[in-house]
Structures are given as C-alpha cells and as structure tokens.
Amino acid sequence: MNAAIHITLAWHDWLNLFGHYLLLSMMSLGGAISTTSEMHRFLVEQHGWLTQAQFNDSIALAQAAPGPNVLFVALMGWNVGMNAGSTTAAFLGVLVAMTGILLPSTIFTYLVAQWGHRNRELRAVRAFKQGMAPVVIALLLSTSWILASSAGADGTHWPLWLLALASCLVIWRTKLHLLWMLGLGALLGALGLI
Amino acid sequence: MTSPPVFDRPRPASLSDLFFSFTFLALQGFGGVLAVVQRELVERKRWLSHEEFIEDWAVAQIMPGPNVVNLSMMIGARYFGLRGALTALAGILAVPLVLILLLAVLHARFAANPQVAGALRGMAAVSAGLIAAVGLKMWVALKRNPVPLPWCLAIIAAGFVLVGLVKFPLGWVLLILGSLGCVLAYRGLR
C-alpha cells in the first residue's frame, strides 16, 4: 500500500504476532472488528509494524471488498510482511494472522454448536436461541445504521441515505437478485450521482 | 449429530455444492456477508427457515470469532459434520482472500480514482439498506417466538439505540438484553 516502512522480524516476533492473534480470537465477541482497537495498540503503537495509514486502509479495503470483513486481518498480516521486506514474508503474515484469529474461535464455536445441536430440545437451549432473536434484529438494524452513517456521515450526503433506503425496500419487498442492486449502487457512485 | 436428521426441504447436494454456494455468496457480500447468507440460503436455496437462520445467527454472534465465519461453519456442520464445517469455512474464505490480496496490490493505483471511490460508496449504501432489509424480514420469526411481542419491540428499540446510536460496547448489550430475552423466552416456553 502506501508509505511503506522497513522493519525486521525475527522468528520470535512472528510467534509473538501469532500468539497475539490467538488471544484476540477468543476476545472477538461480536466479530473480529470489535478487537481492532487492541490490534491498533499492538501493531501500530507498541511494535510499529504497521503505519497508521496501512492500518486504516486494511480495514477500509476489507469493508469495501466482497467477502467476510474478517479479511482485514489478512491484509494487516500482508502489510506487516511487506514491511518486513518480501512477498514471501507477506504470505507468511497472512497465514499467521488468519490462522491466529480463526483457530481458537472456530474450534470453540464448532464444539459449542455441536453440543447445542445435540441438546436442541432442552428448554434452556431453546430459550437461549429464541430469546436472542430480538437482539439479533436490533444488531442488524444497528449495523445497517452504522454502515450507512460511515458512507454518508454528514447531511449533504442525502442521496446516499436515499439509495440505502430504496435498496432496503426493494430487497425487503421483492426477490430481485442482490447483485442488481449492488451494481446499481456502483454505477450511481461511479457516475458521481451519489 | 448421532441420529440422521430428517430433511423435508432442499439441502446442499454435495461438499462441492456447499463450497461453491458459500464462495458465491461471499463474493456478493460487499460490506458484510450476512445479508447475502439470508437471501441465498433462506430465500433462494431454502436450506434454512427464517427461524433456523435467526437461531443459528444468535449462536454465531454470541460465540467469539467472526460471526459469518461461525455461521457458515455451523451450517456446513449441520449437513456434513466436520467435513461440512471445514468446506463451508474454505468456501467463504478462500476465493475472497485471494481477491482481497489482489485488491491490496492494486489499491494504491485505484484508491485515488474518483469513479472507483464513488462506486465503493454506492455499494456501501446498498449494503446498508440490504442489512436493514434482513432485519425487517426476520420479523416473521418473531411471531412464533415465546418472547411476548411488546417485549421483542422494546428489546429491538433498546438494542438499536445502544449499539447503533450510543455505540455502547457490544458485549454488555449482548449480556444485558440477551439475558432479558432468554429469561423471557424461558418463561414463555413450557
């Protein structure tokens, strides 16, 4: 990306990075994005392995690109590796960061989900799953709101809000394929209309 | 999963079907994949009902880790056990990972381009609308929920204000409102 820095990473630094992401994995309730402030402290402030711009770009790019948002972790690993001086290191960075952030949480979730599935008739398990339903809906609406606000933070961006509202209604009420709406949004944006 | 579940509706035909379905929906997910999961797997493929989707997502959300990754793993595991979990995981991550690394390499060249920036902004706005639409659709799942409807509405409103507007830490919101919902559901279930 931009304004690269040059760092040297010894094998214990890689281990340190891996260990840090293993730890963050178990702390990432509500998604990896909730641990970004801790990643920032570790990567940018404490070790200086990433610049502020690289850190921000990693998140913004992963938000904009298709795929799960957790891929911003891969980009951070990639950039740390590039700063260390080679594409090989960059791939190692991706591997270390992604394995670290995913391994503990996926194993834990898999075991809990299997347990929940085996015991799905238990009153407590049913109560948990169904009792969370309104919270899930609240989180969806909040995510939508936060995403729309970050796209058009101030009032002058009302066309963006209008587009968000229109696509909400279309997706809610019709069976139109999502890609058509995304394509329309991209087109309107590229033409400078929103 | 000791006893084979009874499937009275469509399910993934094979591991490769699972892999490509998840890859395909991951590639549609700009700004998050969750809305696409609901659209593709509940409405189009009908692998999950609204209720199952919302229940699985509640679990995926409350567990540590990226919630879409957790969710795809759980759905894969439901049909093919551990192999399914790993396949769904690979499906949702592999191709998008390659793509995003390519984008990172090209990023410096394209970031300054106003058309590209505009297109990304437009897609983000559509994604925002799309996620809200999923929330609205989940409404049908509440009708059969043991939590009384006025309580559901109160929890949704409180959750939206706390997370969306006040930016209250998510963990606390999940703990407080989640416990409230679970207690109400427990009392409603007999």
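Being a predicted model, the structure only gives us computed values, none of them experimental.

All right, on to the overall build of chain B then. Across its full length, chain B holds 8 helices and 0 strands. When the helices and strands of chain B are read in sequence order from the N terminus, they spell out α-α-α-α-α-α-α-α. With respect to the principal axes defined by its C-alpha atoms, chain B has extents near 60 × 45 × 25 Å. Of all 190 residues assigned to chain B, the portion counted as buried reaches 54%. Partitioning the contacts of chain B with sequence separation of at least 6, the portion at a separation of at least 24 is 58%.

The helix and strand inventory of chain A stands at 9 helices and 0 strands. Ordered by position from N to C terminus, the α and β elements of chain A give α-α-α-α-α-α-α-α-α. C-alpha extents for chain A along the principal axes are approximately 55 × 55 × 25 Å. Counting every position in chain A, which comprises 194 residues, the buried fraction comes to 49%. Within chain A, counting contacts between residues at least 6 apart in sequence, those at least 24 apart form 52% of the total.

A separate point is the interface of chain A and chain B. Across the contact, 84 residues belong to chain A and 87 residues belong to chain B. Those elements giving two or more residues to the side of chain A that touches chain B turn out to be helix H1 (11-27), helix H3 (52-64), helix H4 (71-83), helix H5 (87-118), helix H6 (123-131), helix H7 (133-151), helix H8 (158-173) and helix H9 (178-190) of chain A. Considering each element in turn, the side of chain A that touches chain B owes the most residues, 17 residues, to H7(A). Looking at the side of chain A that touches chain B residue by residue, the classes come out as 55 nonpolar, 25 polar and 4 charged.

Here the focus is the packing of H8(A) against H9(A). Residue and element names in this part refer to chain A. With their axes 11 Å apart at the nearest point, H8 and H9 run at an angle of 165° to one another. With respect to their mutual orientation, H8 and H9 come out roughly antiparallel. The two elements H8 and H9 cross, and the hand of that crossing is right-handed. Side by side, H8 and H9 meet where Leu163, Ser167, Val170 and Ile171 of the first sit next to Leu178, Met181, Gly185 and Leu188 of the second. Looking at the contact of H8 with H9 residue by residue, the classes come out as 6 nonpolar, 2 polar and no charged.

A residue-level look at chain B finds 94% of positions with pLDDT of 70 or above and a mean pLDDT of 86. Per the prediction output, this complex has pTM 0.79; the corresponding ipTM is 0.80.

Residues and elements named next belong to chain A. By the secondary structure assignment, asparagine 79 is in helix H4. With 27 C-beta atoms packed within 10 Å, asparagine 79 lands in the buried category. Taking the C-alpha atoms as reference, asparagine 79 lies 33 Å from tryptophan 180; in sequence the two are 101 residues apart.

Bringing the nonpolar core into the picture now. A general tendency of soluble globular proteins is for nonpolar side chains to be buried together. Ranked by internal contacts, the top residues of the largest apolar core, which has 122 residues, are Val73(A), Ala74(A), Ala97(A) and Val136(A). Element by element, the count of residues in this core is highest for helix H4 (residues 67-111) of chain B, at 16 residues. Excluding residues that lie within four positions of it along the chain, Val136(A) makes contacts with Ile54(B), Trp57(B), Ala58(B), Gln61(B) and Met138(B).

Another aspect to go through is the domain arrangement of chain B. In terms of domain boundaries, chain B breaks down into domain 1 (15-143) and domain 2 (145-190). Domain 1 of chain B and domain 2 of chain B are separated by 24 Å when their C-alpha centres are compared.

This brings us to the packing of H1(A) against H5(A). Residues and elements named next belong to chain A. Viewed as axis vectors pointing N to C, H1 and H5 meet at an angle of 35°, and their least axial separation amounts to 7 Å. In the crossing of H1 with H5, the sense of the turn from one axis to the other is right-handed. For the pair H1 and H5, the contacting residues are Trp14, Leu17, Phe18, Tyr21, Leu22, Leu24, Ser25 and Met26 in the first and Val96, Ala97, Gly100, Ile101, Leu102, Leu103, Pro104 and Ser105 in the second.

Moving on to helix H8 (residues 170-188) of chain B. Taking 1.5 Å per residue, 19 residues should reach 27 Å; H8(B) reaches 26 Å between its end C-alpha atoms and fits that length. For H8(B), the set of buried residues is Val173(B), Leu174(B), Leu177(B), Gly178(B), Gly181(B), Cys182(B), Leu184(B) and Ala185(B).

How each quantity is defined
Residues numbered from 1 in each chain as written. Chains lettered and ligands numbered in written order. Predicted model: local features only at pLDDT ≥ 70, side-chain atom pairs only at ≥ 80, totals over all residues. Helix = DSSP H or I, 4+ residues; strand = E, 2+ residues; numbered from the N terminus. Buried ≥ 20, exposed ≤ 12 C-beta atoms within 10 Å, placed from the backbone. Contact = placed C-beta atoms within 7 Å. Nonpolar A, V, L, I, M, F, W, Y, C, P; charged D, E, K, R; others polar. Axes fitted to C-alpha atoms, helices over the stretch in contact; angles between N-to-C directions. Parallel < 35°, antiparallel > 145°, perpendicular 65-115°, else oblique. Left-handed = near helix turned anticlockwise from the far one by under 90°. pLDDT = per-residue confidence, 0-100. Core = buried A, V, L, I, M, F, W, Y, C linked by C-beta atoms within 7 Å. Domains from an automatic or database assignment. Expected span 1.5 Å × (residues − 1).

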